Amino acid sequence: LVRNISVPDQQLLQIARASTNRHMKVLILDEPTSSLTTTEIERVFNVIRSFRDSGHAIVFISHKMGEVLEIGDDFTVLRNGEKVADGRIADITERDLIRAMSGSEVSFEEHFRPPPPGERPSGPPILEVRNLSGLRFNDVSFELHHGEILGFAGLLGAGRSEVMQTIFGYLKAKTGTVRLRGRPHVLGKTSYSVGHGLLYLSEERKLHGILPQLSVRENIGISILKQTMARFVISSRKERPLVEQIIAAYDIKTASMDKKIFFLSGGNQQKTIIGRAMATSPSVLIFDEPTKGIDVRTKAEIYKIMKRLAESGVGIILISSEMEELRKCAS
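No experiment lies behind these values; they were computed from the predicted model shown.

Colleague: Just checking my understanding: could you explain the packing of helix α11 (residues 266-278) against helix α12 (residues 296-311) for this structure?
Modeller: The angle between the axes and the distance between the axes are what describe a pair of packed helices. One way to put it is that α11 packs onto α12 with a least axis distance of 10 Å and a crossing angle of 15 degrees. The pairing of α11 with α12 is recorded here as roughly parallel in orientation. For α11 against α12, the interelement crossing comes out left-handed. Contacts between α11 and α12 involve Gly 267, Gln 270, Lys 271, Ile 274 and Met 278 on the former and, on the latter, Thr 298, Glu 301, Ile 302, Ile 305 and Leu 309. The residue makeup of the contact of α11 with α12, split by class, is five nonpolar, three polar and two charged.

In structure tokens form, the structure reads like this:
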């Protein structure tokens, strides 16, 4: 069943299915490489080039500038629903393309790392993982400290997510131990992790992060029920100001807190998920590909949020297949 194959294989399957249509003249690919490895991306690019060479028109939508410059012939830039630039790929640089997308100059050299160990409060690690083995990984050990952003690199499918999902309790561990704030951490129970301040933010936010048919208010409200429940009923009088505070604190752009979260941009969905997570006052946050499918300007906003959280003492694990992202954020 398709639901049982990996997300990258599902992505490739969609493209393969489209290629079987004999009447196809135009193929629109919306972020087709967001869940693919470098090898799989090259396979997709070869398919795109073969379509182009056989007379098909391709629309390739992406936030990854390197891919746009590699595969594109012409470009069009949209910002806030309006066309702001177009032309030949050969006539524009990556910096100019990003400037057109964001509407302002974006620094390529800005870093978002928290203070180095010598400038952070010293103490025992907040999370200790010893000889952990499970699905697709074996004998993994590491420590995470307060105020640290610990980066995990690797291609999609390398086992990074499986390690973190096992620590969180979504997947079963085979062997190994985990200690949280110096105490043994119970594995195999996500509710235990959430209750003890360890949260995992999935890379598939539309599948595992948001409640798409509910509003922004409801998506945030589920994390603050202890503060808003009154005799088994949610008090709107208590809930709305708390949600407004989170929307303002994380600069979530929405016309209304009652708007369905499905209609927000990927970046604003991600900020909603982070705001919801922080409402529970966690001590460890695991970010799995937090900027996948997010534009350059919003990426910087997410990085600033992570840095701010680390500076407040939260231990952060950052999983990313983008080396530049790890270089900018991991401490």
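Colleague: Before we go on, may I ask you to explain a nonpolar patch on the surface in this structure?
Modeller: On the surface, a nonpolar cluster with roughly 520 Å² of combined accessible area is contributed by Leu 225, Met 229, Phe 232, Val 233 and Ile 234. As for its placement among the helices and strands, Val 233 is situated in strand β12 (residues 233-234).

Colleague: How should I be thinking about the sheet that holds strand β7 (residues 149-152) in this particular structure?
Modeller: For sheets, the rule is that strands pair by backbone hydrogen bonds, running either parallel or antiparallel. What the four strands build is an open sheet, ordered β7-β14-β13-β10; its pairing is parallel. On the outer flanks of this sheet lie β7 and β10 (198-201), each paired with one strand and no other. Neighbouring strand axes in the sheet, compared pairwise and without regard to direction, differ in orientation by 15 degrees on average. Sheet analysis places β10 next to strand β13 (residues 284-288), joined by four bridges and oriented parallel. Bridging from a neighbouring strand, Leu 198 pairs with Val 284 of β13. Taken strand by strand, α11 contacts β10 and β13, and its axis lies near 170 degrees from that of β10.

Colleague: Whenever I open this one, unusual backbone geometry confuses me. Can you help?
Modeller: When glycine is set aside, most residues are seen to have a negative phi, and most peptide bonds are trans. One non-glycine residue, Arg 136, lies in the positive phi region at around 70 degrees. Mapped onto the fold, Arg 136 is located in the loop between β5 (127-134) and β6 (137-144). When its relative accessible area of 53% is taken as the criterion, Arg 136 is described as exposed. Not every positive phi belongs to a glycine, and Ser 281 is a case in point at roughly 55 degrees. Residue classification places Ser 281 among the exposed residues on the basis of a relative accessible area of 59%.

Colleague: Hey, could you run me through the side chain of His 185 in this one?
Modeller: Along the chain, His 185 falls in the loop between β9 (183-184) and α6 (190-195). Since its relative accessible area comes to 7%, His 185 is described here as buried. In this structure the side chain of His 185 is engaged in a polar contact, spanning 3.0 Å, whose partner is the side chain of Ser 193. The residues touching His 185, leaving out its near neighbours within four places in the chain, are Ile 167, Val 178, Arg 179, Leu 180, Tyr 192, Ser 193 and Leu 198.

Colleague: Please clarify how the sheet that holds β6 should be interpreted in this entry.
Modeller: Taken together, the four strands give an open sheet; going across it, the order is β6-β5-β8-β9, and neighbouring strands pair in antiparallel fashion. Among the strands making up the open sheet, the edge pair consists of β6 and β9. In the packing of helix α5 (residues 160-168) onto the sheet, the strands contacted are β5, β6 and β8 (173-180), and the crossing angle to β6 comes to about 70 degrees.

Colleague: Can you help me understand helix α10 (residues 236-249) in this one?
Modeller: Residue pairs spaced three or four apart in an α-helix point in one direction, given the helix's 3.6 residues per turn. Here α10 contains 14 residues, and its C-alpha end-to-end distance of 20 Å stays within 8% of the 20 Å for a straight helix at 1.5 Å per residue. Among all positions in α10, only Glu 239, Val 243, Ile 246 and Ile 247 are buried. Each buried residue of α10 sits inside an arc of 100 degrees when the element is viewed along its axis, so together they form one side. Opposite the buried face of α10, by more than 90 degrees, sit the exposed residues Arg 237, Gln 245 and Ala 248.

Colleague: Explain the pattern of salt bridges to me, please; I cannot follow it from the model alone.
Modeller: When their charged atoms lie close together, side chains carrying opposite charge are able to pair. Enumeration according to the criterion identifies 20 salt bridges in this entry. In this structure, Glu 70 and Arg 49 form a salt bridge, with 3.4 Å as the shortest nitrogen-oxygen distance. Placement of the pair is Glu 70 in helix α3 (residues 65-71) and Arg 49 in helix α2 (residues 38-53), with a sequence separation of 21 residues. A salt bridge links Glu 203 to Lys 292; the nearest nitrogen and oxygen atoms lie 3.5 Å apart. Taken together, the residues span a long stretch of sequence, with Glu 203 in the loop between β10 and α7 (205-209) and Lys 292 in the loop between β13 and α12 at a distance of 89 residues. Each of the two residues, Glu 203 as well as Lys 292, counts as buried. Each of Arg 217, Glu 239, Arg 240 and Asp 258 takes part in a single network of salt bridges with overlapping partners.

Conventions we followed
Residues numbered from 1 in each chain as written. Predicted model: local features only at pLDDT ≥ 70, side-chain atom pairs only at ≥ 80, totals over all residues. Heavy atoms only, no water. Axes fitted to C-alpha atoms, helices over the stretch in contact; angles between N-to-C directions. Helix = DSSP H or I, 4+ residues; strand = E, 2+ residues; numbered from the N terminus. Parallel < 35°, antiparallel > 145°, perpendicular 65-115°, else oblique. Left-handed = near helix turned anticlockwise from the far one by under 90°. Contact = heavy atoms within 4.5 Å. Nonpolar A, V, L, I, M, F, W, Y, C, P; charged D, E, K, R; others polar. Patch = residues over 30% accessible without salt bridge, like charges linked within 9 Å, V, L, I, M, F, W, Y side chains within 5 Å. Areas by Shrake-Rupley, 256 points an atom, 1.4 Å probe, with all protein chains shown as cover. Salt bridge = Lys/Arg side-chain N within 4 Å of Asp/Glu carboxyl O. Pairing = 2+ DSSP bridges. Buried < 20%, exposed > 50% of the residue type's maximum accessible area, 1.4 Å probe, protein only. Polar contact = N/O pair within 3.5 Å; in protein donor to acceptor, adjacent residues only side chain to side chain. Expected span 1.5 Å × (residues − 1). Arc of directions from axis to C-beta.

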